[in-house]
Amino acid sequence: MSHLYLILPAIICCGLLAGWLLARSLERRSRGSSEEILDELELAYTPRRGIEIRTQSEYLPYVFGCILENVDSGFEDKQVKHLLDRIEEQRPNGSKNALFPVKVSGVRSEIDLQWSRDNEDRVRIFVLAAPKVIRALKKQVRTIPRVLAEN
């Protein structure tokens with residue numbers, strides 16, 4: 001009975017300590033999520049341009065090679081091979097798309113690819129990417145035979 005007067009202060013101290021620890025953990029979480037939100041906003045407002053390319057599937061490695069040369073990271077040989085396989089397997093009159101987070105000149109961006117095939121085995125691919133990549137694709141398309149490109 002002589003130590004009962006210590007129980008109430010001990011409970012109060014434990015409650016204050018638990019509250020302080022909870023507040024610190026919530027503060028850390030909120031900092032991380034606000035940084036993630038800012039990163040997403042920055043990515044959403046990164047300028048991107050588009051180009052539509054119509055060609056035979058045998059010329060697509062040249063198109064994707066041009067993209068590879070103009071991105072710092074995020075679009076690698078492995079992704080290109082997988083993408084070419086997906087396009088080859090594509091049935092006529094269907095469409096598919098792929099999105100690749102990349103870095104172009106040190107800036108985070110995305111490459112959005114949408115493609116479809118027609119009955120004559122021509123591929124229509126729409127590329128939405130950073131302006132640097134689109135400018136390089138426009139130059140590259142001029143060197144590929146039997147390719148149509150539209151902005």
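Our structure is the block above this text.
Just so you know, these numbers come straight off a predicted model, no measurement behind them. Once a new chain begins, its residue numbering starts again from 1 and follows that chain's sequence as written. It should be noted that, the model being predicted, local features are given only for residues of pLDDT at least 70 and side-chain atom pairs only at 80 or more, the latter also being counted only at that level, while totals for whole chains, interfaces and linings use all residues. Only hydrogens and water are removed before side-chain values are computed, so all heavy atoms of the structure are retained for them.

A. Layout of the overall build of the protein chain. Counting from the N terminus, the helices are DSSP H or I runs at least four residues long and the strands are E runs at least two residues long. When its secondary structure is counted, the protein chain shows four helices and five strands. Shown N-terminal to C-terminal, the secondary structure of the protein chain runs as helices and strands in the order α-β-α-α-β-β-β-α-β. Partly exposed describes any residue whose relative accessible area lies between the buried limit of under 20% and the exposed limit of over 50%, with all areas from a 1.4 Å probe on protein chains only and scaled to the type maximum. Classification of the 151 residues of the protein chain by burial places 30% in the buried group. Contact between two residues is taken to exist if any of their heavy atoms lie within 4.5 Å; hydrogens are not considered. Counting contacts in the protein chain only where the partners sit at least 6 residues apart, residues at least 24 apart contribute 64% of the total. Per-residue accessibility takes into account occlusion by the displayed protein chains alone, with areas from the Shrake-Rupley method and a 1.4 Å probe. A total of about 10300 Å² of accessible surface is found on the protein chain, and carbon and sulfur atoms cover 55% of it.

B. Spotlight on the packing of aromatic side chains. Two aromatic rings, drawn from Phe, Tyr or Trp (for Trp, its six-membered ring), form a pair once their centres lie within 6.5 Å of each other, and the interplanar angle then sorts them: stacked below 30 degrees, edge-to-face above 60, tilted otherwise. Under the defined criterion, the tally for this structure stands at three aromatic pairs. With a centroid separation of 6.3 Å and an interplanar angle of 70°, the aromatic rings of phenylalanine 64 and phenylalanine 75 are classed as edge-to-face. In this pair, phenylalanine 64 sits in helix 2 (residues 60–70) while phenylalanine 75 sits in the loop between helix 2 and helix 3 (77–89), placing the two residues 11 residues apart along the sequence. By relative accessible area, which is 0% here, phenylalanine 64 ends up buried.

C. Expanded view of the packing of helix 2 against helix 3. Contact geometry of helix 2 with helix 3 gives a least axis separation of 11 Å together with a crossing angle of 150°. One way to sum up the angle between helix 2 and helix 3 is to call them roughly antiparallel. For the pair helix 2 and helix 3, the crossing hand works out as right-handed. Along its contact with helix 2, which presents Leu60, Pro61, Phe64 and Leu68, the element helix 3 presents Asp77, Val80, Leu83, Leu84 and Ile87. Here the contact of helix 2 with helix 3 is built from residues that sort into eight nonpolar, no polar and one charged. Convention adopted: a line fitted to C-alpha atoms gives each axis, helices being fitted over their contacting stretch, and angles between N-to-C directions are expressed from 0 to 180 degrees. What sets the label is the angle itself: under 35 degrees gives roughly parallel, over 145 gives roughly antiparallel, 65 to 115 gives roughly perpendicular, and the rest give oblique. With the far helix as reference, a near helix turned anticlockwise by less than a right angle produces a left-handed crossing, and one turned clockwise produces a right-handed crossing. In this classification, Asp, Glu, Lys and Arg are treated as charged, Ala, Val, Leu, Ile, Met, Phe, Trp, Tyr, Cys and Pro as nonpolar, and every other residue, Gly included, as polar.

By themselves these figures say nothing about function.
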